[in-house]
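# Overview (structure and organization)
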Amino acid sequence: MTTTDALAATGLTLRYEAREVVRDLDVAIPAGKVTVIIGPNACGKSTLLRALARLLTPAAGTVTLQGTDIRSLGSKDLARRLGLLPQSPLAPFGITVADLVGRGRFPHQRMLQQWSADDERAVSAAMTATGVAEFADRGVEELSGGQRQRVWIAMLLAQDTPVMLLDEPTTYLDVSHQLDVLELCRGLNRSEDRTVVLVLHDLNQAARYADHLIVMKDGAIAAEGDPATVLTEKLLEDVFRLRAHVQSDPVFGTPLVIPITSVTEDAG
Ligand SMILES: Nc1ncnc2c1ncn2[C@@H]1O[C@H](COP(=O)(O)OP(=O)(O)OP(=O)(O)O)[C@@H](O)[C@H]1O
Ligand SMILES: [Mg+2]
């Protein structure tokens with residue numbers, strides 16, 4: 001870990017009862033950058049994110065947030081500094097959009113002053129940024145999958161943390177809303193120097209939005225660094241069992257992955 005790391009883990013072993021998902025993993029998330037994590041289904045991306053956010057207690061190893069062991073932080077303190085949007089969050093039954101987004105303000109509230117003008121501003125800005133203000137009074141379960149996903153993102157924005165972890169925030173969204181969310185994340189990073197970690201499955205979006213790309217395979221880090229260096233045809237074959245052509249994106253200059261076929265195990 002260096003002082004430029006927002007979040008770091010050393011010697012991390014993560015398991016669910018007997019099932020070991022991650023073993024002795026070291027990872028560093030650079031501060032003030034957008035880090036994207038990619039990797040096949042079940043390789044441990046969500047598990048790692050949950051451990052970084054202290055939702056999963058490691059069997060071994062340490063997670064530090066700006067150099068402080070996260071075990072030593074109070075829960076409100078941690079929630080003011082780090083926010084996680086899980087892959088499949090569950091809303092309390094019957095809650096309205098505005099109330100759910102408002103829950104993002106919990107770590108900022110004090111015992112006696114329950115709801116402040118700052119809270120009101122943060123909630124309304126978050127709903128506007130994600131385009132959900134028009135649904136404010138509707139029940140969350142009445143929304144479409146994509147609308148609901150944007151409400152969760154609004155809740156994370158309302159939490160207003162310098163470090164934001166988002167596990168597949170673009171799932172359920174149509175392409176233009178996917179780009180809106182990615183631009184929003186990058187905008188917060190560029191304008192407010194926030195550290196953003198995104199788990200994505202779209203390799204081209206990952207290449208385009210990552211300052212730092214982390215590739216996971218079988219609970220370990222297979223490669224990391226600049227997307228242009230990391231995303232090679234060989235890596236795609238080794239990690240994703242994908243035969244692909246990689247060229248420079250004619251618009252953005254980042255790697256453009258053109259999938260050709262999946263590679264079966266016995267094809268060698
Ligand atoms: N709550 C749980 N209890 C037991 N095993 C779990 C639990 N959550 C995940 N796992 C297992 O841990 C492994 C890693 O799961 P994880 O959700 O971290 O994968 P992922 O990389 O996020 O995959 P995806 O791309 O499908 O979201 C999988 O084998 C999964 O079955
Ligand atoms: Mg996952």
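Small disclaimer: the values here were computed from a predicted structure and weren't measured.

It is worth spelling out the packing of aromatic side chains at this point. Under the definition given, this model contains 0 aromatic pairs. Just above the ring of F106 sits the side chain of K76; from NZ or CZ to the centre is 4.9 Å.

Let us now look at the packing of helix α4 (residues 117–129) against helix α5 (residues 145–159). Contact geometry of α4 with α5 gives a least axis separation of 8 Å together with a crossing angle of 140°. With respect to α5, the axis of α4 lies oblique. Pair α4 / α5 crosses with right-handed handedness. Between α4 and α5, the residues in contact are A122, V123, A126, M127 and A129 and A154, L157 and A158, respectively. Considered class by class, the residues forming the contact of α4 with α5 number 8 nonpolar, no polar and no charged.

What the rule picks out here adds up to 12 salt bridges. Here R81 makes a salt bridge to D77, at a shortest N to O gap of 3.9 Å. With R81 and D77 both in helix α2 (residues 75–81) and 4 residues apart, the pair spans about one turn of that helix. Given the relative accessible area of 28%, D77 is considered partly exposed. Among the salt bridges present, the one from R190 reaches D211, with a minimum N-O distance of 3.1 Å. Here R190, found in helix α6 (residues 175–192), pairs with D211, found in the loop between α7 (203–209) and β9 (212–217); they are 21 residues apart in sequence, far enough to count as distant. Among the residues examined, D211 registers a relative accessible area of 28% and is labelled partly exposed. Three or more residues joined by partner-sharing salt bridges are found here, namely R15, E20 and R23.

With that settled, consider the nonpolar core. The tendency in soluble globular proteins is for nonpolar side chains to be buried side by side. The biggest cluster of nonpolar side chains holds 51 residues, and the ones touching the most others in it are V36, V97, V101, L198 and L213. In contact with L198, other than residues within four places in its own chain, are V34, T35, V36, I37, L166, P169, L182 and C185. Core analysis: the second largest hydrophobic core is formed by 31 residues, A51, A53, V163 and L165 among them.

The next subject is the coordination of the magnesium ion (ligand 2). Those donors, S46 (OG) and Q87 (OE1), are the protein atoms that reach the magnesium ion (ligand 2), and they lie 2.0 to 2.1 Å from it. Pair noted here: S46 is in helix α1 (residues 45–52) and Q87 is in the loop between β6 (82–85) and α3 (97–103), with a separation of 41 residues, a long-range link.

Neighbouring strands of a sheet are bound in pairs by backbone hydrogen bonds; such pairs are parallel or else antiparallel. An order of β6-β7-β8-β3-β9-β10 is seen for the 6 strands of this open sheet, with the pairing classed as mixed. In the strand order of this sheet, the two ends are held by β6 and β10 (220–225), each with one partner. Neighbour to neighbour, the strand axes of the sheet diverge by 15° on average, direction disregarded. Direction of pairing for strand β3 (residues 34–38) relative to strand β8 (residues 195–199): parallel, over a ladder of 4 bridges. Residue pairing for β8: I37 is matched across the bridge by V199. Across the sheet, α1 is in contact with β3, β6, β7 (163–167), β8 and β9; its angle to β7 comes to roughly 155°. Across the sheet, helix α9 (residues 233–240) touches β3, β9 and β10, and the angle it forms with β9 is around 40°.

Quick notes on the rules
Residues numbered from 1 in each chain as written. Chains lettered and ligands numbered in written order. Predicted model: local features only at pLDDT ≥ 70, side-chain atom pairs only at ≥ 80, totals over all residues. Heavy atoms only, no water. Phe/Tyr/Trp six-rings, centres within 6.5 Å; stacked < 30°, edge-to-face > 60°. Lys NZ or Arg CZ within 6 Å of the ring centre and 35° of its normal. Axes fitted to C-alpha atoms, helices over the stretch in contact; angles between N-to-C directions. Helix = DSSP H or I, 4+ residues; strand = E, 2+ residues; numbered from the N terminus. Parallel < 35°, antiparallel > 145°, perpendicular 65-115°, else oblique. Left-handed = near helix turned anticlockwise from the far one by under 90°. Contact = heavy atoms within 4.5 Å. Nonpolar A, V, L, I, M, F, W, Y, C, P; charged D, E, K, R; others polar. Salt bridge = Lys/Arg side-chain N within 4 Å of Asp/Glu carboxyl O. Buried < 20%, exposed > 50% of the residue type's maximum accessible area, 1.4 Å probe, protein only. Core = buried A, V, L, I, M, F, W, Y, C linked by side-chain atoms within 4.5 Å. Donors = N, O, S within 2.8 Å, 3.2 Å for Na, K, Ca; no water. Pairing = 2+ DSSP bridges.

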